[in-house]
Amino acid sequence: MNPKNNQKQVKTGSAAASPVRRQAGPPRGRSLVTSTGRNVSRGAAIRAQKRTVQDANRVASQYLDASTSGGEQPQPRRANIINDNPRLKITGLGGMDEGGAKNMMVIEYANDAIVIDCGNDLGIDLPGINYGIADTAYLDQIKNKIKAFVITHGHLDHMGALPHILSKYNVPVYGSRFTIGRVEEIFQNFGLPMPDGFELKTVIMNESTHERLKIGIFFVELLRVTHSIPGSTSIVIDTPVGRVINTGDFRLDPNPLDHERTDIERLEALGKEGVLLLMSESTTTERLGRTPSESTIEKSFIDIMDGAPGRIFVAMFSTNVNRVQMIVNSAVHHNRKIALDGRSLVSTLEMAVRNGYMKIPKGTFVPIANVASMNPQDVVVVCTGSQAEPNSALQRMSTGDHKYVKLESQDTVILSSNPIPYTGNDALIRAMVDEFMRKGVHVYRHESHALDNCGPLHVSGHASIDEYADMINMVRPKFFMPIYGDFTAKKYHIDIAIEQGIPRKNTVNASNGDVIAISKDKIEVVGEVPHGTVLVDQTGAIVSTVVVKDRVLLAEEGLVAVVLTIDKKNGSLLTSPDIISRGFIYMKDNEELMNAFRTELRRAVAQRFKRIDLDRFKAELKDYVTHFLYEQTQHSPIVIPVVNIIGGRAEKPNNSMHSGGQSSGLATVEKTPEQVALEQQRRFAQMRQRLLNQDARVD
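Residues numbered from 1 in each chain as written. Predicted model: local features only at pLDDT ≥ 70, side-chain atom pairs only at ≥ 80, totals over all residues. Heavy atoms only, no water.

A word on the overall build of the protein. Across its full length, the protein holds 18 helices and 29 strands. Here the protein holds 699 residues, and the buried ones make up 54% of them. Across the protein, the fraction of contacts at a sequence separation of at least 24, relative to all contacts at a separation of at least 6, is 73%. When the accessible surface of the protein is summed, it comes to about 31,000 Å², and 49% of that surface belongs to carbon and sulfur atoms. (Helix = DSSP H or I, 4+ residues; strand = E, 2+ residues; numbered from the N terminus. Buried < 20%, exposed > 50% of the residue type's maximum accessible area, 1.4 Å probe, protein only. Contact = heavy atoms within 4.5 Å. Areas by Shrake-Rupley, 256 points an atom, 1.4 Å probe, with all protein chains shown as cover.)

What follows is the structure, encoded as structure tokens:
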């Protein structure tokens, strides 16, 4: 449903409904003083309903797919008119807005294209929506060009959409050993079946040896960088126009726990050879200085374990393997066992141990089911839920719903993370901390670590301003384009680049869908391709934005269904109007309103049913109810009119018992119209009674 069309229908309905009100009320355009003392015109009611629909459109339209733009007009498909002269084209289908979510970029030259990253957006706050992924309408247009997907690292915002998207193109996925392990993991855990004939094809590249693989017309190299997950890489692409570097997410940690430092030497060597374009992530371009080293926080865990009187629970991101290794080291130091809780955490660590990314002494882990029977001084629980995600392990512990663990007053909880930017998780985390505090649990958070008299508990996986400047100085690109951030973060990044000597005319702050054309001497935005967000629910199924809009309307205003049973012969009501309310008002507390509502419905039927056709009557009834309810309550719920017509022609006798011209010996009696009508009324009364007995909220 196009929202614009929906608004047109509202206008048409209001005009059609006006005769109903004019027959028994004030002239059209004048207001009506209701029993509640409000003075509301029909126009005001319709405008209020229109505003409600527009508000729902606005919420849902933040995540439109590529078929619409702003919920109004079809988005122009300009890809077909873009100049295809021999220029390198770069298009961000995700990651260029929205705080760097659902990251996906397309690199094209002539008849070859590669896709960098294929992530999801976990920060979408819409009813029933789990995450969003980039709309692939443009990839469908260039399907024959696509040679591969190349993934920078194994976080979901960079590779979580692969199970939804990769099967449409059936090309290999390139990445580091750990990243490919994560890709295989999410395909194994994906809840929906893959299309027939699809086979996951992966290519592991060594990020430490500078190997270069030919993919179509491009040569691709992975370059090791430090982030908050092993196997993180920058991607170096040699194109016919020049060299392009996508940094991926990075920081310049001089002393990471796994000793996997960013390959500064290689970056400097590439800079000396010449780099045409640097695309650098922009997540934290507003943070001054340098990001502290990951190694600085291990002592904090040791110190807390020294003084903790009971069990210790540490919540963190499931992919932060280095952080888990720190907890393991600290627990072993204190002769404590470790229990893991959280499916994603267990799955990721199994893969990390299998591939040699963690060193775990034998006998360190115990099942989570054993925790309740263990001495509190002997156990550390490492779990998911640092962002207070619904149904995560730590969230269930805070509410007392965990199957194996009941928190006690001497337990200690450590939140080893910060709220993810742009997600609004702050309030959820605060509410979870409140539950811990009520139980007398000791809580340590990174943002309040000084107040809690402990050391830092979290280190960002992203660079700070000085490191972003260092990256630009090492690479010394001719052109610069910030990526993976919102417009403001990228604007600050451009300011950093200009301070490092990059001319402003050689920078671009692109949005999702912008096509950036690059020659040896020029970078410019030359067009726009279809782009947007596809919404996914908890099962992995795609959800239409039209459905989401209805959910928003239901959440904000509720629903009212009106069921009328009308005698076709004389146009009168056979039963009192049935009114069903969901999320609007509690009808038993509003008997006066309900009685007035039924009176209005009876009047509407008496005045209009016999004069117009059924479809028009339903449209007028819907608008009439909308006006009445807004007059009385100042709210505009979704209105669903149901009209049952009873009576009509006599039914033909059923001759199915006769065959071959032989009589069965049973007489068939034709019913009179009055008998047919009475029988229909009886059947409907039975159905109505069953309906009304199902839910006490039906008046």
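On we go from here.
The element strand β12 (residues 218-224) is extensively covered by neighbouring structure, given that six of its seven residues are classed as buried. Taken together, the four bridges between strand β11 (residues 212-215) and β12 define a ladder with antiparallel strand orientation. Pairing of Leu-213 across the sheet is with Val-220, part of β12. The turn joining β11 and β12, which pair antiparallel and follow one another in sequence, is formed by two residues; a positive phi near 60° is taken by Gly-216. (Pairing = 2+ DSSP bridges.)

Attention shifts here to the nonpolar core. Counting residues in hydrophobic clusters, the biggest one holds 33 residues, and the most contacted among them are Met-104, Leu-139, Phe-149 and Leu-162. Taken together, the elements giving at least two residues each to this core come down to β4 (104-109), β5 (112-116), β7 (131-134), α3 (137-141), β8 (146-150), α5 (162-165), α6 (177-189) and β25 (533-536). When residues of this core are assigned to their parent elements, the largest contribution, four residues, is made by α6. Setting aside chain neighbours within four positions, we find Leu-139 in contact with Leu-93, Met-104, Val-106, Val-115, Ile-146, Phe-149 and Tyr-169. With 32 residues, the next largest nonpolar core counts Leu-88, Tyr-174, Met-279 and Met-481 among its residues. (Core = buried A, V, L, I, M, F, W, Y, C linked by side-chain atoms within 4.5 Å.)

Turning our eyes to something else, we now look at the packing of aromatic side chains. Applying the stated criterion across every chain yields a total of six aromatic pairs. For Lys-214, the ring lying beneath its charged end belongs to Phe-219, and the centroid distance is 5.9 Å. (Phe/Tyr/Trp six-rings, centres within 6.5 Å; stacked < 30°, edge-to-face > 60°. Lys NZ or Arg CZ within 6 Å of the ring centre and 35° of its normal.)

This paragraph deals with α6. Relative to the 18 Å expected for 13 residues at 1.5 Å per residue, α6 spans 19 Å between its end C-alpha atoms, a close match to the ideal helical length. Within α6, the full set of buried residues consists of Phe-178, Thr-179, Ile-180, Gly-181, Arg-182, Val-183, Glu-185, Ile-186 and Phe-187. Its buried side turned inward, α6 meets α4 (156-159), α5, β9 (173-175), β10 (202-204), α9 (321-333) and α10 (343-354). (Expected span 1.5 Å × (residues − 1).)

Let's shift gears to the side chain of His-493. Structurally, His-493 is set in helix α14 (residues 487-499). Here His-493 falls in the buried class, since its relative accessible area comes to 0%. For His-493, the side chain forms a polar contact with the side chain of Ser-282, separated by 2.9 Å. Not counting residues within four places of it along the chain, the set of residues in contact with His-493 comprises Ser-280, Glu-281, Ser-282, Thr-285, Tyr-468, Ile-472, Phe-480 and Pro-482. (Polar contact = N/O pair within 3.5 Å; in protein donor to acceptor, adjacent residues only side chain to side chain.)

The strand order across the open sheet formed by three strands is β28-β27-β29, and the pairing between neighbours is mixed. A single partner strand is all that each edge strand has here, and the edge strands are β28 (578-582) and β29 (638-646). Here the average twist between neighbouring strands, direction ignored, is 15°. Pairing analysis gives nine bridges linking strand β27 (residues 559-567) to β29, with the strands arranged parallel. What sits directly across from Val-563, in β29, is Val-642. Helix α17 (residues 614-633) contacts β27 and β29 of the sheet and is inclined by roughly 140° relative to β29. (Axes fitted to C-alpha atoms, helices over the stretch in contact; angles between N-to-C directions.)

So, on to the packing of helix α16 (residues 591-608) against α17. The interhelical angle for the contact between α16 and α17, taken along N-to-C directions, is 150°, at an axis separation of 11 Å. Taken together, the axis directions place α16 and α17 in an arrangement best described as roughly antiparallel. In this structure, α16 crosses over α17, and the sense of that crossing is right-handed. Judged by residue contacts, Leu-593, Ala-596, Phe-597, Glu-600, Leu-601, Arg-603, Ala-604, Val-605 and Arg-608 of α16 engage Arg-616, Phe-617, Glu-620, Leu-621, Tyr-624, Val-625, Phe-628, Leu-629, Gln-632 and Thr-633 from α17. Grouping the constituent residues of the contact of α16 with α17 by class yields twelve nonpolar, two polar and five charged. (Parallel < 35°, antiparallel > 145°, perpendicular 65-115°, else oblique. Left-handed = near helix turned anticlockwise from the far one by under 90°. Nonpolar A, V, L, I, M, F, W, Y, C, P; charged D, E, K, R; others polar.)

Here we come to the pattern of salt bridges. Side-chain pairs of opposite charge can arise where the charged atoms are in close proximity. Throughout the structure, instances matching the rule amount to 25 salt bridges. Where Lys-439 meets Glu-435, a salt bridge forms, and the shortest distance between an N and an O atom there is 4.0 Å. As a salt-bridge pair, Asp-521 and Lys-478 come within 3.4 Å of each other at their nearest N and O atoms. Linking Asp-521 in the loop between β23 (514-518) and β24 (523-528) with Lys-478 in strand β22 (residues 477-483), this pair joins segments that are 43 residues apart in sequence. Judged by relative accessible area, Asp-521 falls into the exposed class, the value being 64%. Because the salt bridges share partners, they merge into one network encompassing Arg-212, Asp-238, Arg-243 and Glu-273. (Salt bridge = Lys/Arg side-chain N within 4 Å of Asp/Glu carboxyl O.)

Below, the discussion takes up the sheet that holds β25. Spatial ordering of the open sheet is given by β6-β7-β25-β26, a layout of four strands whose pairing is antiparallel. Two strands close off the open sheet at either side, each with one partner strand: β6 (120-121) and β26 (542-543). Where β25 lies against β26, two bridges are found, and the strand directions are antiparallel. Across the sheet, residue Val-536 finds its bridge partner in β26, namely Ile-542.

Here the focus is the pairing of strand β14 (residues 243-246). Here β14 shows no split at all, with Arg-243 and Ile-245 on one side and Val-244 and Asn-246 on the other all buried. Note that strand β13 (residues 233-238) and β14 share four bridges and pair antiparallel. When the sheet's bridge partners are listed, Val-236 is paired in β14 with Ile-245. Counting the residues between successive antiparallel strands, the hairpin from β13 to β14 contains four residues. Where β14 and strand β15 (residues 275-281) come together, three bridges link them in parallel fashion. Residue Ile-245 lies in a different strand from β15, and its bridge partner there is Leu-278. In the classification by handedness, the crossover that spans β14, the intervening helix α7 (residues 264-273) and the parallel β15 is right-handed. (Right-handed = clockwise from strand over helix to strand, strands pointing away.)

Within helix α13 (residues 465-475), eight of the eleven residues are buried, which leaves the element mostly enclosed by the surrounding structure. Listed in full, the buried residues belonging to α13 are Ile-465, Glu-467, Tyr-468, Ala-469, Met-471, Ile-472, Met-474 and Val-475. Buried residues along α13 sit against β14, α7, β15, β22 and α14. Trailing α13 by a residue or two, Arg-476 shows a phi angle of about 50°, which is positive.

Let us look at the confidence of the model for the protein. When pLDDT is averaged along the protein, the result is 84; 80% of the residues meet or exceed 70. This model gives residues 1-37 a pLDDT under 50, and the stretch forms 68 contacts once residues within four places in sequence are excluded. Note on residues 69-82: pLDDT under 50 across the span, and 38 contacts to partners over four residues away in sequence or across chains. (pLDDT = per-residue confidence, 0-100.)

Inspection of the secondary structure puts Pro-376 in the loop between β18 (365-366) and β19 (379-383). Under the relative-accessibility criterion, Pro-376 is labelled partly exposed at 34%. Separated by 66 residues in the primary sequence, Pro-376 and Gly-310 place their C-alpha atoms 4.9 Å from one another.

Turning next to unusual backbone geometry. At Asp-117, a residue that is not glycine, the phi angle is positive and equals roughly 70°. Position of Asp-117 relative to the elements: it lies in the loop between β5 and β6. For Asn-335, which is not a glycine, the phi torsion comes out positive at approximately 55°. Residue position: Asn-335 is located in the loop between α9 and β17 (337-341).

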